[in-house]
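Close look at the chain arrangement
Now for the letters of each chain:
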Amino acid sequence: MERDLDPTQLAIEFLRRDKSELTPAEYLKKFRQLRLEFADLLTLSHAELKEEIDFAWRLGIH
């Protein structure tokens, strides 16, 4: 069983839990955006990731 974080799986899991009503086109667009964002996040170092989380917290994004 593979336990590495994969941007595609993270995007799918995020959308699975999202309760928004999306058209198929919106779903695909959001999926592609999320996959890129998760891929970017996975390349960050621990310090950079902490900085991103702190920034989001200050903006009120939890």
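Data block above holds the structure.
Let us look at the structure shown here.

Cut-offs and rules
- Residues numbered from 1 in each chain as written.
- Predicted model: local features only at pLDDT ≥ 70, side-chain atom pairs only at ≥ 80, totals over all residues.
- Heavy atoms only, no water.
- Helix = DSSP H or I, 4+ residues; strand = E, 2+ residues; numbered from the N terminus.
- Buried < 20%, exposed > 50% of the residue type's maximum accessible area, 1.4 Å probe, protein only.
- Core = buried A, V, L, I, M, F, W, Y, C linked by side-chain atoms within 4.5 Å.
- Contact = heavy atoms within 4.5 Å.
- Salt bridge = Lys/Arg side-chain N within 4 Å of Asp/Glu carboxyl O.

**Considering the environment of K19**
By secondary structure assignment, the location of K19 is in the loop between α1 (7-17) and α2 (24-42). Residue classification places K19 among the exposed positions, given a relative accessible area of 73%.

**As for the nonpolar core**
Most often, soluble globular proteins have nonpolar side chains that are buried together. A11, L15, F31, L34 and F38 form the largest nonpolar core, which has five residues in total. Contributing elements (two or more residues each) for this core: α1 and α2. Sorting elements by how many residues they give to this core places α2 first, with three residues. In contact with L15, not counting residues within four places along its chain, are L22, Y27, K30, F31 and L34.

**A word on the pattern of salt bridges**
Under the defined criterion, the tally for this structure stands at four salt bridges. E13 is the salt-bridge partner of R16, the closest N and O atoms lying 2.5 Å from each other. Here the residue R16 and the residue E13 both occupy positions in helix α1, the gap between them amounting to three residues, near one helical turn. Taking the relative accessible area as the measure of exposure, E13 reaches 27% and is therefore partly exposed. Salt-bridge contacts for D18 lead to K30; the nearest nitrogen and oxygen are separated by 3.1 Å. Here K30 lies in helix α2 and D18 lies in the loop between α1 and α2, a separation of 12 residues in the sequence. Classification of D18 by relative accessible area gives partly exposed; the value is 23%.

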